[in-house]
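Single-letter residue listing:
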Amino acid sequence: MSGSQQSQQAYEHYHASGHYDRRYPQPNLRVLQLIRAYLPAKGHVLDFGCGSGRYLLPLLNQAGRLVALDSSAAALARLSDRLPPDAVPVHRLTSAGPALAAHVESHGTLDLALCLFGVLAHMPSVDERQRVLQQLHASLHPVHGHLLLSVPNRYRRFWWRQLRTGARIRYQRQVGGESIVLHYQLFDPKNLREELQQAGFVLEQLHAESLLPESWVTRWPRMQRLDRLLCRLLPATWGYGLLAIARVAP
Ligand SMILES: C[S@@+](CC[C@H](N)C(=O)[O-])C[C@H]1O[C@@H](n2cnc3c(N)ncnc32)[C@H](O)[C@@H]1O
């Protein structure tokens with residue numbers, strides 16, 4: 001089984017067991033605030049790798065149309081259970097490629113694309129990441145479209161494993177008595193900028209996604225306050241994750 005198949009299988013169990021939602025029950029409010037600032041009222045937004053919707057659900061009252069894309073059927077099923085019956089249209093897709101192209105053809109370009117908390121990092125090859133980034137680029141409005149993307153920071157994450165395998169990590173975690181395997185490509189600011197540029201994006205801002213581990217920040221409100229302060233004081237390069245704000249180059 002390839003690395004990405006193994007990660008997909010892992011997420012199926014991670015979401016179906018409810019363990020992901022227990023570990024990350026809330027959005028990171030600092031990141032949500034940034035998303036809100038880039039999403040026009042009644043805007044069209046894609047959440048690529050949305051999981052069960054911790055970022056997408058709070059946007060229902062601001063967006064006019066949403067696309068929830070995740071390769072995990074269990075994630076999309078959990079999202080569907082959480083959607084209020086009177087919600088604005090939420091299109092659910094399990095892959096990009098032709099399905100996303102057809103969506104843009106029917107409903108117009110996106111104002112904002114999200115690809116948050118390591119989704120891109122689960123794609124093992126540069127070619128696969130470029131295919132996705134280039135499609136996001138082509139799907140965004142050419143003048144005001146923005147991409148908010150976050151990836152694990154190689155200066156902060158798994159450094160003891162990097163001694164053996166470099167920036168490509170295989171990580172095993174116990175989820176409800178079962179062992180799941182996730183594969184990550186770690187990033188630093190330089191290679192993140194390069195991959196975005198190669199796909200036609202201009203990196204406008206680089207933030208720390210959080211300074212404290214994401215699971216602390218999303219589980220405990222006091223940690224959110226401390227994390228907000230740390231993010232103000234410390235450079236983005238110290239972030240647990242790197243959060244890029246990129247626009248479509250003219
Ligand atoms: C770490 S979770 C992030 C979920 C959500 N963005 C969040 O912030 O909680 C990664 C998600 O990406 C999805 N994923 C991984 N590879 C994918 C791919 N190639 N296409 C679509 N979704 C993918 C997984 O199923 C999983 O739900």
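Per-chain numbering applies: the sequence of each chain, read as written, is numbered from 1 onward. In view of the model being predicted, local features appear only for residues whose pLDDT reaches at least 70, and side-chain atom pairs are presented and counted only at 80 or more, with totals across whole chains, interfaces and linings using the full set of residues. Only hydrogens and water are set aside; all other atoms, that is, all heavy atoms of the structure, feed into the side-chain values.

### What to know about the overall build of the chain
Secondary structure elements are defined from DSSP: runs of H or I of at least 4 residues count as helices, runs of E of at least 2 residues count as strands, and each element is numbered from the N terminus. The helix and strand tally for the chain stands at ten helices and nine strands. Over its C-alpha trace the chain gives a radius of gyration of 17 Å, about what one expects of a compact globule, namely 18 Å for 250 residues. Overall, the C-alpha framework of the chain stretches about 45 × 40 × 40 Å when taken along its three principal axes. Residue burial in the chain is summarised as follows: out of 250 residues, 53% are buried. For the area figures, the Shrake-Rupley method with a 1.4 Å probe applies, and any residue is considered shielded solely by the protein chains shown. Put simply, the chain shows about 11,600 Å² of open surface, and 54% of that area lies on carbon and sulfur atoms. For the purpose of counting charges, residues Lys and Arg are taken to be positive, whereas Asp and Glu are taken to be negative. His and the chain ends are not included. In plain terms, the charge of a residue is placed at NZ if it is Lys, CZ if Arg, CG if Asp and CD if Glu. One finds the centroid of the 28 positive side-chain charges in the chain at a distance of 8 Å from the centroid of its 18 negative side-chain charges. Throughout, the radius of gyration refers to the C-alpha atoms, and the reference size of a globule is 2.2 Å times the residue count to the power 0.38. Burial here depends on accessible area, computed with a 1.4 Å probe over protein chains only, as a share of the maximum for the residue type. Under 20% is buried, over 50% is exposed, and the range in between is partly exposed.

### Quick word on the pairing of strand E2 (residues 63–69)
Buried residues dominate E2, accounting for five of its seven residues. Pairing geometry for strand E1 (residues 43–48) and E2, over six bridges, is parallel. Across the sheet, residue Phe-48 finds its bridge partner in E2, namely Leu-69. Strand direction decides the pairing type here: E2 and strand E3 (residues 90–93), joined by four bridges, are parallel. Looking across to E3, one finds that Leu-66 is bridged to Val-90. Two strands pair if DSSP finds at least two bridges between them.

### Some points on the layout of surface pockets
Counted as a void, the largest pocket has a volume near 700 Å³. Of all the secondary structure elements, the ones that give two or more residues to the lining of the largest pocket are helix H1 (3–16), helix H2 (19–23), E1 and helix H6 (126–139). Among the elements that line the lining of the largest pocket, the one with the most residues is H1, at five residues. Considered class by class, the residues forming the lining of the largest pocket number twelve nonpolar, 16 polar and six charged. The rule is simple: put a 1 Å grid over the protein atoms alone, call a set of points where a 1.4 Å probe fits but cannot get out a cavity, call an open set with protein on both sides within 12 Å along at least five of seven lines a pocket, and count a residue as lining if it has an atom within 4 Å of a point. Grid points are joined across faces, edges and corners, and a volume is the space filled by probe spheres set on the points. Of the pockets and cavities examined, the second largest pocket occupies roughly 260 Å³. Tyr-24, Phe-117, Arg-157, Tyr-184 and Tyr-240 are the residues nearest the centre of the second largest pocket, which is lined by 21 residues in total. For this scheme, ten residues count as nonpolar: Ala, Val, Leu, Ile, Met, Phe, Trp, Tyr, Cys and Pro. Four count as charged, namely Asp, Glu, Lys and Arg, and the remainder, Gly too, count as polar. Tallied by class, the residues present in the lining of the second largest pocket amount to twelve nonpolar, four polar and five charged.

### Remarks on the site of the ligand
Around the ligand, 17 residues are found, and the nearest of them are His-15, Tyr-20, Gly-49, Arg-54 and Asp-70. Polar contact is defined as a pair of N or O atoms within 3.5 Å, subject to the rule that within protein one atom must be able to donate a hydrogen and the other to accept it, and that residues adjacent in sequence are counted only when both atoms are side-chain atoms. Tyr-20 places a side-chain nitrogen or oxygen 2.7 Å from an oxygen atom of the ligand. Between the ligand and Leu-116 there is a distance of 2.9 Å, counted from a nitrogen atom to a backbone nitrogen or oxygen. When the ligand sits alone it has 600 Å² of accessible area, and the protein chains cover 94% of it. Spatially, the ligand is embedded in the largest pocket. Considering only residue class, the shell around the ligand consists of ten nonpolar, five polar and two charged. Any residue with a heavy atom lying within 4 Å of a molecule or strand is counted as near it. In this description, a molecule resides in a pocket or cavity if more than half of its atoms sit within 2 Å of the grid points defining it.

### So, the sheet that holds E2
In spatial order, the strands read E3-E2-E1-E4-E5-E9-E8; together these seven strands make up an open sheet with mixed pairing. Looking at strand neighbours, the two that pair on one side only are E3 and strand E8 (201–210), the edges of this open sheet. Adjacent strand axes in the sheet meet at a mean angle of 15 degrees, parallel and antiparallel pairs treated alike. The contact criterion used is simple: two residues touch if any of their non-hydrogen atoms lie within 4.5 Å. Orientation is described by axes fitted as lines to C-alpha atoms, over the contacting stretch for helices, and by angles from 0 to 180 degrees between their N-to-C directions. Contacting E1, E2 and E3, helix H5 (residues 97–107) runs over the sheet at an angle of about 155 degrees to E3.

### A word on the packing of aromatic side chains
Note on ring pairs: Phe, Tyr and Trp rings are taken, using the six-membered ring of Trp, and paired if centres are within 6.5 Å. Classes follow the plane angle, with under 30 degrees stacked, over 60 edge-to-face and the rest tilted. Inspection of the entire model under this criterion finds ten aromatic pairs. Their ring planes at 45 degrees and their centres at 6.0 Å tell us that Phe-158 and Trp-160 sit as a pair that is tilted. With 5.4 Å between their ring centres and 35 degrees between their planes, Phe-158 and Tyr-184 make a pair best called tilted. Within this pair, whereas Phe-158 is found in the loop between strand E5 (146–152) and helix H7 (159–165), its partner Tyr-184 is found in strand E7 (residues 178–185), the two being separated by 26 residues in sequence.

### A short note on the pattern of salt bridges
Any two side chains of opposite charge can pair, given that their charged atoms come close. Whenever Lys or Arg places a side-chain nitrogen within 4 Å of a carboxyl oxygen from Asp or Glu, that contact is recorded as a salt bridge. For the structure on display, the rule yields six salt bridges. Residue Glu-214 pairs with Arg-54 through a salt bridge whose shortest N-O separation is 3.0 Å. One end of the pair, Glu-214, is in helix H9 (residues 214–219); the other, Arg-54, is in the loop between E1 and E2, and 160 residues separate them in sequence. You'll find Glu-214 and Arg-54 in the same group, each marked buried. Salt bridges sharing common partners tie together Asp-21, Arg-78 and Arg-82.

This is a description of form; function is not addressed.
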